[in-house]
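Read off the chains here:
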Amino acid sequence: MNIEITPKALSGSIKIPPSKSISHRALICAALSKGESVITDLLGCEDIDATCSALEALGATFRTENGVTYVKGIEAPPEKAEIDCRESGSTLRFLLPVAAALGVEATFTGCGKLPTRPITPYLDEFRKHGVEFLSETMPYHIKGKLTSGVFSVPGDISSQFITGLLFALPLIEGNSTIVLTSPLQSKPYADITLQCMSAYGIETLEFNGNYSVKGIQQYKATNYTIEGDCSQAAFFAVANQIGSNIELLGANKNSLQGDRAIFDIIDKMIKIGENYSGFDVDATDIPDLVPILTVLAAFADGTSYIRGCKRLRIKESDRLESISTVLNSLGADVRIVNDELEIVGVKELTGGVCSSFNDHRIAMSLAIASQRCTDKLTITGAECVAKSYPTFFEDFRTLGGEYDVVIV
């Protein structure tokens, strides 16, 4: 689907969609619980659908009534399971250790860039703990039952490995320790995991940057409400900063979500006439904000710097290349310096045709940037927003955005 947007500012109110990160975590905790959990405001998107299907393959059951999701926990996991993660890195990295802890012989498949995204920490550690990888490339085929002990994991690849182990280790006999061999990046995501697990009755201990987990704990079914997604709120918060007037409903500025940082970044921008100052931000803990932060910087006064972007190269696209390529094609001044971005602000962008790179965050960032274009902007492959925010363009239109579906 190709979207041709007519540039204009947005206005009105929008309810921020539920958090994708928290939706994944609440589903997994519910599926591992005894009894039936009730989840309110679960996000509906391709990534969450992938996690639901994966958990069903492991023995959980789901039903939805009046927008509320009921999850019956796994009673007897299957001996074997085939799990299609689609293009969801969270589904893959969260459920590999869960399947291993349940003793399920499982095959994990996926599409898009998922087969190229690393799972090295699991390849290195699982063999030491009773689990064999029968294949080291996707489809991954694991066999054996995870055993407890010390898991040495780097913190600079993805916090998703920490989360996956945190979910799994309470299920097995014996106590375990996750030892970080390098500083943990995107730590707020691990904090969200601990908060969610605690709501489902699981105790963990964080000490000196490491994690201690007791074995043979029981997840307890509960009622859980998903809060608004700060990473999705960021698109509309930036839209406001560059000329729109949108009321954001359901955004919790005190959330544990790391992407709440978008509000602090904007608040600290200094007013300069009708414009705002540039900024210097370390994105180590907020990688998902980088595309929309680049849009924000593209219109700021002076030079902005976005640092700590190394892991952006292994997302749905190489987001450093993707966002710089598309914005520069429209007249922005974005430079990649090693694994950082330097952006010199401009007053406006031209129109034209830009690829989404099949990356939901690139597509949504371009849609927000369109309001400062001098001519129509066409985004190719815009259907990729379904990965995290299927109703994005519907909401965009509700706020007064104008677009047509076109053939390019």
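What counts as what
Residues numbered from 1 in each chain as written. Predicted model: local features only at pLDDT ≥ 70, side-chain atom pairs only at ≥ 80, totals over all residues. Heavy atoms only, no water. Phe/Tyr/Trp six-rings, centres within 6.5 Å; stacked < 30°, edge-to-face > 60°. Helix = DSSP H or I, 4+ residues; strand = E, 2+ residues; numbered from the N terminus. Buried < 20%, exposed > 50% of the residue type's maximum accessible area, 1.4 Å probe, protein only. Lys NZ or Arg CZ within 6 Å of the ring centre and 35° of its normal. Pairing = 2+ DSSP bridges. Axes fitted to C-alpha atoms, helices over the stretch in contact; angles between N-to-C directions. Expected span 1.5 Å × (residues − 1). Polar contact = N/O pair within 3.5 Å; in protein donor to acceptor, adjacent residues only side chain to side chain. Salt bridge = Lys/Arg side-chain N within 4 Å of Asp/Glu carboxyl O. Contact = heavy atoms within 4.5 Å. 1 Å grid on protein atoms, 1.4 Å probe; cavity = no way out; pocket = protein on both sides within 12 Å on 5 of 7 lines; lining within 4 Å. Points joined across faces, edges and corners; volume = space filled by probe spheres on them. Core = buried A, V, L, I, M, F, W, Y, C linked by side-chain atoms within 4.5 Å.

A few points about the packing of aromatic side chains
Then, in step 1: Enumeration according to the criterion identifies 15 aromatic pairs in this entry.
Then, in step 2: Geometrically, the ring pair formed by tyrosine 389 and phenylalanine 392 is edge-to-face, given 5.5 Å between the ring centres and 80° between the ring planes.
Then, in step 3: Here the aromatic rings of phenylalanine 393 and tyrosine 403 are separated by 5.6 Å at their centres, their planes lie at 65°, and the arrangement is edge-to-face. With phenylalanine 393 in helix H12 (residues 392–398) and tyrosine 403 in strand E26 (residues 402–406), this pair connects stretches of sequence that are 10 residues apart.
Then, in step 4: Since its relative accessible area comes to 11%, tyrosine 403 is described here as buried.
Then, in step 5: Here the aromatic cluster, defined as three or more aromatic residues joined through ring pairs, consists of Phe235, Phe236, Tyr389, Phe392, Phe393, Phe396 and Tyr403.
Then, in step 6: In this structure, arginine 63 packs its charged tip against the face of tyrosine 70, placed 4.2 Å from the ring centre.
Then, in step 7: In this structure, arginine 397 packs its charged tip against the face of tyrosine 403, placed 3.9 Å from the ring centre.

With respect to the sheet that holds strand E21 (residues 303–307)
Then, in step 1: Ordered in space as E20-E21-E23-E22, the four strands form an open sheet in which the pairing is mixed. Of all the strands in the sheet, just strand E20 (280–282) and strand E22 (333–337) have a single pairing partner and so form its edges. The average undirected angle you get between the axes of adjacent strands in this sheet is 15°.
Then, in step 2: Taken together, the three bridges between E20 and E21 define a ladder with parallel strand orientation.

Re the sheet that holds strand E16 (residues 223–225)
Then, in step 1: With respect to topology, four strands assemble into an open sheet ordered E5-E6-E4-E16, the strand pairing being mixed. Edge strands, defined here as strands with exactly one partner in the open sheet, are strand E5 (61–65) and E16. The mean angle between the axes of side-by-side strands here comes to 20°, regardless of whether they run parallel or antiparallel.
Then, in step 2: Alignment of strand E4 (residues 36–40) against strand E6 (residues 68–72), held across five bridges, turns out to be antiparallel.

Concerning helix H1 (residues 20–31)
Then, in step 1: Taking 1.5 Å of rise per residue, the 12 residues of H1 would be expected to cover 16 Å, and the 17 Å separating its terminal C-alpha atoms lies within 8% of that figure.
Then, in step 2: Of all 12 residues that make up H1, 12 are buried, and the element is covered over most of its length.
Then, in step 3: Within the span of H1, buried status applies to Lys20, Ser21, Ile22, Ser23, His24, Arg25, Ala26, Leu27, Ile28, Cys29, Ala30 and Ala31.
Then, in step 4: With a side-chain oxygen lying 3.3 Å from the backbone nitrogen of serine 21, the N-terminal cap of H1 falls on serine 19.

Looking at the pattern of salt bridges
Then, in step 1: As enumerated under the stated definition, the model contains 19 salt bridges in all.
Then, in step 2: One salt bridge connects arginine 63 with glutamate 65, and the closest N-O pair in it is separated by 2.7 Å.
Then, in step 3: By relative accessible area, arginine 63 is classed as partly exposed at 35%.
Then, in step 4: Note that arginine 335 and glutamate 342 form a salt bridge whose closest N and O atoms lie 3.4 Å from each other.
Then, in step 5: Using a relative accessible area of 36% as the deciding quantity, one classes arginine 335 as partly exposed.

Overview of the side chain of serine 33
Then, in step 1: Its place among the elements puts serine 33 in strand E3 (residues 33–34).
Then, in step 2: The exposure class assigned to serine 33 is buried, which follows from its relative accessible area of 1%.
Then, in step 3: Contacts of serine 33, omitting those with residues within four sequence positions, involve Gly73, Ile74, Tyr200, Gln218, Tyr219, Lys220 and Ala221.

Topic: the layout of surface pockets
Then, in step 1: Considered as a void within the structure, the largest pocket measures approximately 370 Å³ in volume.
Then, in step 2: Along its surface, the largest pocket is lined by 16 residues, and Leu32, Ile74, Leu102, Leu171 and Gln218 are the ones closest to its centre.
Then, in step 3: Taken together, the elements giving at least two residues each to the lining of the largest pocket come down to E3 and helix H3 (89–102).
Then, in step 4: By volume, the second largest pocket is sized at about 220 Å³.
Then, in step 5: Lining the second largest pocket are 13 residues, with Gln241, Ile242, Glu274, Asn275 and Arg372 sitting closest to its centre.

Some points on the nonpolar core
Then, in step 1: Judged by nonpolar contacts, the single largest core of 71 residues is most densely connected at Phe108 and Leu146.
Then, in step 2: The biggest single contributor to this core is H3, with eight residues.
Then, in step 3: Apart from the residues within four sequence positions on either side, leucine 146 is in contact with Pro97, Ala100, Ala101, Phe126, His129, Val131, Phe151, Ala168, Leu169 and Ile172.
Then, in step 4: Counting residues in each nonpolar core, the second largest holds 68 residues, with Ile3, Ala233, Leu293 and Val385 among its members.

Re helix H11 (residues 360–369)
Then, in step 1: Of all 10 residues in H11, 10 are buried, a share of seventy percent or more.
Then, in step 2: Those residues of H11 that fall on the buried side of the exposure criterion are His360, Arg361, Ile362, Ala363, Met364, Ser365, Leu366, Ala367, Ile368 and Ala369.
Then, in step 3: Backbone nitrogen of arginine 361 and a side-chain oxygen of the N-cap are separated by 3.0 Å at the start of H11; the cap is aspartate 359.

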